[in-house]
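Chains, contacts and geometry: an overview
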Amino acid sequence: MTAPVLYEIRDGIALITLNAPPVNGLGQALRAGIQETFARASTDDSVRAVVIASSSPIFCGGADIVEFGSGNFGAEPNLPGVLRAIELSHKPVVAAINGMALGGGLELALVCDYRIADAKARVGLPEVSLGIIPGAGGTQRLPRLINVDLALDMIVSGVPVAAAQAQEAGLIDRVHGDAATLLDAAIAYANELVDSKAPLRDCAQMPAKTGALGDSFFADYRQAIARRSRGFYAPERCIQAVEIACNQPLEVGLQREAELFVECMNTPQARAQQHLFFAERAAGKVPGVDPKTPPRKVEKVAIIGSGTMGGGIAMNFINAGIPTLMLDLNGEALERGIGVIRTNYEISAKKGKLTAEQVEQRMALLQPTTSYDDLRDVDLVIEAVFEKMEVKHAVFKTLDEVCKPGAILASNTSTLDVNEIAAVTRRPQDVIGLHFFSPANVMRLLEVVRADKTADDVIVTVLKLGQRIKKLPVVVGVCFGFVGNRMLEPYGREATRLVLEGAAPEQIDRVLTEFGLAMGLCSMSDLAGIDISYLTRQAHRAAIAHDPSYAVVCDRLYEQGDCGQKTGRGFYIYNGREKSPNPDVLTIARAEAARLGVEQREISDQEILERCLYPLINEGALILEEGIAARSSDCDLIYVNGYGFPAWRGGPMQYADEIGLQTVVDGINKYRQQLGEYGEMWFRPAPLLQQLAAGGKSFRAFRKV
Ligand code: NAD
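Position numbers for residues count from 1 along each chain, tracking the sequence in the order it is written. In view of the model being predicted, local features appear only for residues whose pLDDT reaches at least 70, and side-chain atom pairs are presented and counted only at 80 or more, with totals across whole chains, interfaces and linings using the full set of residues. For side-chain calculations, the full set of non-hydrogen atoms in the structure is used, while hydrogens and water are omitted.

Assigned secondary structure in the protein chain consists of 30 helices and 19 strands. Using C-alpha atoms as the atom set, the radius of gyration is obtained and then compared with a globule rule of 2.2 Å times the number of residues to the power 0.38. Relative to the 2.2 N^0.38 estimate, which gives 27 Å for 705 residues, the radius of gyration of the protein chain is 29 Å and therefore close to what a compact globule would have. What makes two residues a contact is simply this: any of their non-hydrogen atoms within 4.5 Å. Relative to all contacts within the protein chain whose residues are 6 or more apart in sequence, the contacts with residues 24 or more apart total 74%. In this description, accessible areas are obtained by the Shrake-Rupley approach with a 1.4 Å probe, and a residue is regarded as covered only by the protein chains that are shown. Element-wise, carbon and sulfur atoms account for 53% of the exposed surface of the protein chain, whose accessible area totals about 29,800 Å². When charges are tallied, Lys and Arg are placed among the positive residues and Asp and Glu among the negative ones, while His and the ends of the chain are skipped. A charged residue contributes its charge at one atom only: NZ of Lys, CZ of Arg, CG of Asp or CD of Glu. Once the 72 positive and 85 negative side-chain charges of the protein chain are each reduced to a mean point, those two points are 1 Å apart. A helix here means a DSSP run of H or I that spans at least four residues, while a strand means a run of E at least two residues long, and both kinds are numbered starting from the N terminus.

Shown next, in the form of structure tokens:
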């Protein structure tokens, strides 16, 4: 086994090379290696200065997150101790930052006296996205090296900055153009520092760079981020830590930072956000598919349908520089669709996000057409036409006729059976579902629907392509509504049934947003369109016919033409940006409850929350049991990235794991009894949920295969 840290002396400079690929995660072995080699350099009189570098393409990705929650986390030597020893060195220490220095990696660089980075390097403290704060001095040293406002932004947003910006801020001392010769440059720089007797830097001797910050700076900052950090615990702790850096000596600040770090680490939020971190990495692994399978090439794409979804989907590809054809049989619709795309880009240009030239470059990549003949040489087609099986069949039959062999044929259907769509072609192995979410140019989630015959290389290709167009692809199986919309169905059913039983839409929405959801179910229905869910229900009346109360309030709203935001009336009445409760809803609910013999009553917030969330979780359990999702974390990714579920709860399945699966089972059983015939109909714990709860297990550990 090669050593995690290499040591050599070159030109009088001790070279400490982090050698734990792929990212030099600062696990116990690496920490011990740094400590040991640094001690050697310090006591060797022939060493003039020290350079810390990396043998990997990146300097250091930070803490070894796998160690979090394991016995090894914080094992001696701990990172803060190793770093303080470096900071106190009597010889100059230079960090040679290649690629990336993140989290603990940047904290390591911060204790060095000088920092040189390659021009493409990025540096940042992304701990906040894991529900914690930097815990090895980042919150105390960064505001001493750069202006407090920028330091605070970096720590609270977690977003890394590029080398040039870091140099301008004073975080990096020198930028070296060529990554390949960074090491030589760092050694030369170290010798230069010794020769010029450059001063050593100890953050303990530096005050925070508060500059011209006003008295209300921190209060204003808190207010400015209130909306985007709503519900999150760590951002406020980041602010507190930086405030201390401004008022207290380094030693006191480090102590307080350590306490705040532990406080954050012990929250369910940290577990939830770290769960999502691992969930994203796991999502790329598809059972039975060898990730080394060579992908097909995708250099030209076609989108069929220039409506709401087609336009948004096309923008993803154009943004990634991929030539894209857009086909619609209706010339006017096509023109309108192209116009919408141009308007979107022009709005971005007005906001300064794109130049006028970039707008034109993007539009030049988009080729409108009304002829399938133009599709002969495309590598991927994504169909986004009307949600009707006959229409999809017609499109796929034509694609089968005109597309070249090996072209991937994808459907953006939200609910239809992808196996049935594939069956009308002579190449079902090339057919797959690519379910984008609206607005498709914004939403990160991409449900990849693997049909029975979809070829492995098609899956590997779309996963890679998903990354290229900056999406988060999650593979799911074929069933009605796939994972996201299928789990949404019982959640929507309960929310609207609660209205029938006497809860006001605004109470339901308040409970759900207080829980952390971006939007309550009633507001979401108004946004998506009450007509859309009505039409979906019409197609599936047989499955719900036994429950005459099913979404009955929505049916009545639809029948009187109240379809939500698009008609100005739905669960709410919309007046410009204002919305107010629609009194019709309560009238309809009262009348329908009387007609159906449903008792109206006051409903507690707790009941609303449990009745909306437990059926959602229960459906997730069925999905896992059927193998529609490979792991519970896939359901969580879908909910957090596609349905506004709070990231700090980690997704519905992680939330269930956190409160305990037995609590969910007990809750479902409680409502089965409490709600009589209705409860008997819908409140039945999934066998897998019962089984895991009885064994004291979690969803997280469950794998069907
Ligand atoms: P839309 O009505 O806005 O657009 C459909 C477009 O397809 C129209 O421009 C129409 O002219 C065109 N079209 C119809 N038949 C065609 C054919 N045979 N050949 C070429 N063009 C044809 O619909 P949308 O909301 O963009 O939805 C499209 C698909 O995306 C549906 O399957 C829908 O279920 C799915 N989807 C929609 C959403 C959403 O929020 N709207 C979200 C995810 C998935």
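Moving on: the site of the ligand. We call a residue near a molecule or strand when any one of its heavy atoms sits within 4 Å of it. Near the ligand you find 25 residues, and of these Met 309, Asp 328, Glu 387, Lys 392 and Ser 414 are the closest. Here a polar contact is recorded for every N or O atom pair within 3.5 Å, except that within protein the pair must consist of a potential hydrogen donor and a potential acceptor, and residues adjacent in sequence are included only if both atoms are side-chain atoms. A distance of 2.7 Å separates an oxygen atom of the ligand from a polar backbone atom of Met 309. Contact between the ligand and Asn 412: an oxygen atom at 2.9 Å from a side-chain N or O atom of the residue. Its free accessible area being 830 Å², the ligand has 77% of it covered by the protein chains. If you list the elements that add at least two residues to the shell around the ligand, you get α12 (308-319), α15 (389-402) and β15 (431-436). In terms of residues, the shell around the ligand owes the most to one element, α15, which gives three residues. Taken together, the residues of the shell around the ligand break down into twelve nonpolar, ten polar and three charged. For this scheme, ten residues count as nonpolar: Ala, Val, Leu, Ile, Met, Phe, Trp, Tyr, Cys and Pro. Four count as charged, namely Asp, Glu, Lys and Arg, and the remainder, Gly too, count as polar.

So, about the nonpolar core. What makes a nonpolar core is a set of buried Ala, Val, Leu, Ile, Met, Phe, Trp, Tyr and Cys residues whose side-chain atoms join them at distances within 4.5 Å. Note on exposure labels: buried denotes an accessible area under 20% of the residue type's maximum, exposed denotes more than 50%, and partly exposed covers the range between, all computed with a 1.4 Å probe on protein chains only. Counting residues in hydrophobic clusters, the biggest one holds 105 residues, and the most contacted among them are Leu 375, Leu 399 and Phe 699. At ten residues, helix α25 (residues 605-625) tops the list of elements feeding residues into this core. Non-local contacts of Leu 399, meaning those with residues more than four positions away in its chain, are made with Ile 304, Tyr 372, Leu 375, Val 381, Leu 409 and Arg 427. Grouped together as the second largest cluster of nonpolar side chains are 72 residues, Phe 59, Phe 68, Leu 152 and Leu 171 included.

Here we come to the environment of Glu 578. Relative to the elements of secondary structure, Glu 578 occurs in strand β19 (residues 578-581). When the C-alpha atoms of Glu 578 and Ile 116 are compared, they prove to be 53 Å apart, with 462 residues separating the residues in sequence.

Turning our attention to the pairing of strand β18 (residues 572-575). Here β18 shows one buried face, formed by Tyr 572 and Tyr 574, and one open face, formed by Ile 573 and Asn 575. Strand pairing follows a simple DSSP-based rule, namely that at least 2 bridges must link the two strands. Where β18 and β19 come together, four bridges link them in antiparallel fashion. Bridge pairing links Ile 573 to Ser 580 in β19.

As a further point, take unusual backbone geometry. Cis geometry is found at the peptide bond from Glu 76 to Pro 77, where omega equals -5°. By secondary structure assignment, the location of Pro 77 is in the loop between β3 (49-54) and α2 (79-87). Along the chain, Ser 438 connects to Pro 439 via a cis peptide bond; the corresponding omega equals -5°. If you trace the backbone, Pro 439 turns up in the loop between β15 and β16 (445-450).

Before going further, it helps to spend a moment on the side chain of Glu 383. Looking at the element boundaries, Glu 383 is found in strand β13 (residues 380-383). A polar contact of 2.6 Å, which involves the side chain of Glu 383, links it to the side chain of Lys 392. Dropping the residues within four chain positions of it, Glu 383 is found in contact with Ile 304, Lys 392, Val 395, Phe 396, Ala 410, Ser 411 and Asn 412.

With that settled, consider the sheet that holds strand β7 (residues 122-124). Here we have three strands laid out as an open sheet, ordered β5-β7-β8, and mixed in their pairing. Strands at the two margins of the open sheet, each flanked by one partner only, are β5 (100-102) and β8 (161-162).

The next thing to look at is the side chain of Thr 139. Topologically, Thr 139 is positioned in helix α4 (residues 138-145). The class of Thr 139 is buried, set by a relative accessible area of 0%. Within polar-contact distance, the side chain of Thr 139 engages the side chain of Gln 140 at 3.0 Å. Separated by 2.6 Å, the side chains of Thr 139 and Glu 257 make a polar contact. Once residues within four sequence positions are removed from consideration, Thr 139 is found in contact with Ile 133, Pro 134, Ile 155, Ala 241, Val 242, Ala 245 and Glu 257.

Just so you know, the domain bounds were taken from an automatic or database domain assignment. Structurally, the protein chain comprises domain 1 (5-265), domain 2 (301-476), domain 3 (482-602) and domain 4 (604-705). Each of domain 2 and domain 3 has a C-alpha centre, and these two points are 31 Å apart. For any pair of parts, buried area is found by adding up, for both, the accessible area (1.4 Å probe) each one loses once the two are put together. When domain 2 packs against domain 3, the two sides together hide about 540 Å² of surface, and 69% of this comes from carbon and sulfur. What makes a salt bridge here is a side-chain nitrogen of Lys or Arg within 4 Å of a carboxyl oxygen of Asp or Glu, nothing more. At the boundary of domain 2 with domain 3, the tally comes to zero salt bridges. Our enumeration of links across domain 2 and domain 3 arrives at two residue pairs in polar contact (both at pLDDT 80 or more). Here the residues of the side of domain 2 that touches domain 3 sort into four nonpolar, four polar and one charged.

Okay, the packing of aromatic side chains next. Geometry of an aromatic ring pair is reported as the spacing of the ring centres plus the angle between the planes. A pair of aromatic rings is counted whenever rings of Phe, Tyr or Trp (Trp by its six-membered ring) have centres within 6.5 Å, and the orientation is called stacked for planes under 30 degrees apart, edge-to-face for over 60 and tilted otherwise. Across all of its chains, the model carries twelve aromatic pairs by this definition. Here Phe 515 and Tyr 655 contribute two aromatic rings whose centre-to-centre distance is 5.0 Å and whose plane-to-plane angle is 85°, an arrangement assigned as edge-to-face. Here Tyr 655 lies in helix α27 (residues 652-659) and Phe 515 lies in helix α19 (residues 505-515), a separation of 140 residues in the sequence. Every member of this aromatic cluster is reached through a ring pair, and the members are Phe 217, Phe 218 and Tyr 221. Its end group placed over the ring of Tyr 233, Arg 237 keeps NZ or CZ at 3.8 Å from the ring centre. Geometrically, a charge over a ring is one whose NZ (Lys) or CZ (Arg) sits within 6 Å of the ring centre while staying within 35 degrees of the ring normal.

Three- or four-residue spacings in an α-helix give side chains the same orientation, since the helix completes a turn every 3.6 residues. Here a helix's expected span is defined as the number of its residues, less one, multiplied by 1.5 Å. Taking 1.5 Å per residue, 20 residues should reach 28 Å; helix α13 (residues 331-350) reaches 29 Å between its end C-alpha atoms and fits that length. Every buried residue of α13 is accounted for by Ala 333, Leu 334, Gly 337, Ile 338, Ile 341 and Tyr 345. Projected down its long axis, α13 shows its buried positions confined to an angular sector of 140°, all on one face. For α13, the exposed residues set more than 90 degrees away from the buried face come down to Glu 332, Glu 335, Arg 336 and Lys 350. Residues of α13 that are buried in the fold lie against α12, β11 (324-327), α14 (356-364) and β12 (366-369). Measuring from the backbone nitrogen of Glu 332 back to the side-chain oxygen at the start of α13 gives 3.0 Å, which picks out Asn 330 as the cap. One or two residues past the end of α13 sits Gly 352, with phi positive at roughly 85°. Directions pointing from the helix axis toward each C-beta atom define the arc.

It is worth spelling out the packing of helix α21 (residues 530-539) against helix α23 (residues 552-559) at this point. For the pair α21 and α23, interaxial distance at closest approach is 9 Å and the crossing angle is 115°. When you trace α21 past α23, the crossing you get is left-handed. Residues Ile 530, Asp 531, Tyr 534, Leu 535 and Arg 537 of α21 lie in contact with α23, whose contacting residues are Cys 554, Asp 555, Leu 557 and Tyr 558. Here the residues of the contact of α21 with α23 are counted per class, giving six nonpolar, no polar and three charged. Inter-axis angles, ranging from 0 to 180 degrees, are taken between N-to-C directions of lines fitted to C-alpha atoms, where helices are fitted over the stretch in contact. Each helix crossing is assigned a hand: it is left-handed if the near helix lies turned anticlockwise from the far helix by less than a right angle, otherwise right-handed if that turn is clockwise.

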